[in-house]
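Understanding the architecture of this molecule
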Amino acid sequence: MSLCAALAATPAYADEQAGSPPAAKPAPSSNAMVNLVRLLVAQGTITRENGEKLIQEAEREAAEARLAAAPAAAPAAAGNPAAVAGGQYAVGNLPPPPQGTIRVPYIPQVVRDQIRDELRDEVLKQAKAQGWSSPGKAAPDWVHNLNIYGDMRIRSQSHFYSKDNSDFIPNFQQIVSGVNGQDPVPLDLINDPIPLLNTRQNQYNLLRYRLRVGVDFNIGDRVKVGFMLGGGNDVSPVSSNVNLAGNFTDRNFMIHKAFIQARPTDWATITAGRIGNPFWSSEALFDNDLSFDGFAGDFRWSSPNGLLDGKLVLGAFPLNFGALNFPNTSNVKTGVPQRWLFSAQAETDFHLGGDVFVRSAVSYHHYINMQGRPSAPCALYLGVTECSTDGTAAGFVQKGNTLSFIRRIVFDPTLPATAVQPQPQLLGLVQPYHILDGMISVKVPMGENTDVTFSGEYMRNLGFSRSNACRYGLAGQPVNNGGSGGNGNICDPVEANRTPYVGGNQGFDLQIGAGWAHPNRPGQWRAYVGYRYLETDAVVDAFTNDYWRLGGTNMKGYVIGGTVGLYKNVTIGGRWLSANEISGEPLAIDVLQIDLNVEF
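In what follows, the accompanying structure is described. These numbers come from a predicted model, not from an experiment.

This brings us to the overall build of the protein. Scanning the protein for helices and strands turns up 6 helices and 25 strands. Counting the 600 residues in the protein, one finds 40% classified as buried. Considering only contacts within the protein whose residues lie at least 6 apart along the sequence, 64% involve residues at least 24 apart. Put simply, the protein shows about 31,800 Å² of open surface, and 58% of that area lies on carbon and sulfur atoms.

What follows is the structure in structure tokens.
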């Protein structure tokens, strides 16, 4: 029972039986407040010093109350001189109380309220000072500087292939990246079987999960350190999915993010390490699971009237530092060109009337040293294991970008011309990638917390040139992206015999969505439909989305999907992606995804 309730429950002239207190304790007082304060002191709720102060105050105010009540009671006590003694108001003709009984005199309500308020303030003051009730002191400071977040997704994914697909499409991802996806692995594509893609056998209910857990530490007001761990795919930088079929073996945790972020001013943020995508873009350019290694700066400004906001984002990201000990088996080392991505994006946000919101951005992404280079004559038959430009071989690829052989292998002249000689080759990218990207989004409210959003993106690879396809002659011609006709050689010296090169450098992505911006409560929903067109070398196929036509470029198609909230931070969603090739061999793939998502 609270102190106020205890006082309110005390009747005037109530008799309370009490046992004999121990000798070590002070005798019970006739003032109820004195006894209550002593009880709080004994329980350690307040200190003895503060308790003594409260007792003195309670006794003083009780005496004043008795004096104030004496004149009003005088007429009633006129026939009883014993009722007033020494200026104190006494109980009238009541029989003597039993042994051990304590008489509790009446305390006016105004006095009780004042004592209650003063006692409450004193207790709260002591509690905050000692740190046992204040929210700001309930735990060490580092706990309040820590933010833990994450999500879990269970996905069922099915692949449906057209029966008209070509059954001879090389699996360039395996050819370029090898089994582990870390280092290019030379393959003899002339004499050995070529790894091929599955293009006709449907795959149903491929169950996968994605688990991500992130932690941010605030170091003061201006610096933050963060990291994110989760499952992932060893081969792909654009997938954090893990198959739920691995003979019950344990799965790896990987580092998706690890960064330091500083905010030197209110309008500038600098981030270094392994970070999320700092740019506003669609998945046609950068997959949502892609993390960036390097540095990014974010610089913001706002107009005085609050109708226009702007942002400039700059970034420098190393892709590959090259082998530090190349060639590995030679005492004469040569340099390997480093690969970098340098990016800049300017963004503006317009806040129009009626909560209409327009966002636009223009960005430029300049890749350095992405092209493969032909090697010097490489005499592998003499025991050489590395050719001079192996370091320019393509890293991870999906499919779509134009590729060519980069090794110029010299045959053993002592063998007859009809002898089969090994030709382990590496593949390099034919085109450079200097990508101009423009985006716009218009959000129009359609109800409380819901909107309709129209978004569009256009991409153009300014570094693309059709002359790049044959810059190294017949030996360095593309091994893919050839059209129909000719003798199969894109760079045949005789123009009439050439197979046309069908590579392209443009792409766009359109989408319309409606509903809640981020459904995370029961009944909230969002639906969307979109169309994408992406030519062979419009973007780097290694970093684009891996769901449309199962990854890569040289595709066109549509998506339709939606998400519905089941519980707080629990949603279920699905989407159907249908895409065909733009040019080259027929390859049409439809993908169905059903997702159960939980955020925390």
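Here we come to the state of the cysteines. Across all of its chains, the model carries 2 disulfides by this definition. Linked covalently through their sulfurs, C378 and C387 form a disulfide whose S-S length is 2.0 Å. Between C378 and C387 the disulfide shows an S-S torsion of about -85°. By sign, it is left-handed. Each disulfide pairs two cysteine sulfurs, and for C470 the partner residue is C491, the sulfurs being separated by 1.9 Å. Between C470 and C491 the sulfur-sulfur dihedral comes to about -90°; the bridge is accordingly left-handed. Placement of C470 in the loop between β20 (450–461) and β21 (506–516) and of C491 in the loop between β20 and β21 is noted, with a sequence separation of 21 residues between them. On the basis of relative accessible area, C491 is assigned to the buried category, the value being 8%. Here the bonded cysteines of the protein are numbered in sequence order, and their pairing is 1-2, 3-4.

The description of an aromatic ring pair uses the distance of the two centres, along with the angle that the planes make with each other. Summed over the entire model, instances satisfying the criterion amount to 14 aromatic pairs. Judged by centre distance (6.4 Å) and plane angle (20°), the ring pair of F464 and Y501 falls under stacked. Pair noted here: F464 is in the loop between β20 and β21 and Y501 is in the loop between β20 and β21, with a separation of 37 residues, a long-range link. Accessibility assignment for this pair places F464 and Y501 in one class, buried. An aromatic cluster of at least three residues, connected via ring pairs, comprises F279, F286, F292 and F317. Directly above the ring of W280 sits R359, whose terminal nitrogen or CZ lies 5.4 Å from the centroid.

Of the pairings in the sheet, the one linking strand β7 (residues 203–219) to strand β8 (residues 223–230) comprises 8 bridges and is antiparallel in character. In the sheet register, R212 faces β8, and the bridge partner there is G230. For β8 and strand β10 (residues 254–265), the ladder comprises 8 bridges, and the chain directions are antiparallel. Within β10, the position partnered with L229 by the bridge is I255.

A few words on the pattern of salt bridges. Counted under the stated rule, the structure contains 22 salt bridges. For R210, the salt bridge identified is with D151, shortest N-O distance 3.6 Å. Residue R210 is found in strand β7, and its partner D151 is found in strand β5 (residues 146–161); the two are separated by 59 residues along the sequence. With a relative accessible area of 13%, D151 lands in the buried category. For D451, the salt bridge identified is with R526, shortest N-O distance 3.3 Å. Highlighted residues: D451 in strand β20 and R526 in strand β22 (residues 525–534), separated in sequence by 75 residues. Neither D451 nor R526 differs from the other in exposure class; each is buried.

Each value, and the rule that gives it
Residues numbered from 1 in each chain as written. Predicted model: local features only at pLDDT ≥ 70, side-chain atom pairs only at ≥ 80, totals over all residues. Heavy atoms only, no water. Helix = DSSP H or I, 4+ residues; strand = E, 2+ residues; numbered from the N terminus. Buried < 20%, exposed > 50% of the residue type's maximum accessible area, 1.4 Å probe, protein only. Contact = heavy atoms within 4.5 Å. Areas by Shrake-Rupley, 256 points an atom, 1.4 Å probe, with all protein chains shown as cover. Disulfide = S-S within 2.5 Å. Phe/Tyr/Trp six-rings, centres within 6.5 Å; stacked < 30°, edge-to-face > 60°. Lys NZ or Arg CZ within 6 Å of the ring centre and 35° of its normal. Pairing = 2+ DSSP bridges. Salt bridge = Lys/Arg side-chain N within 4 Å of Asp/Glu carboxyl O.

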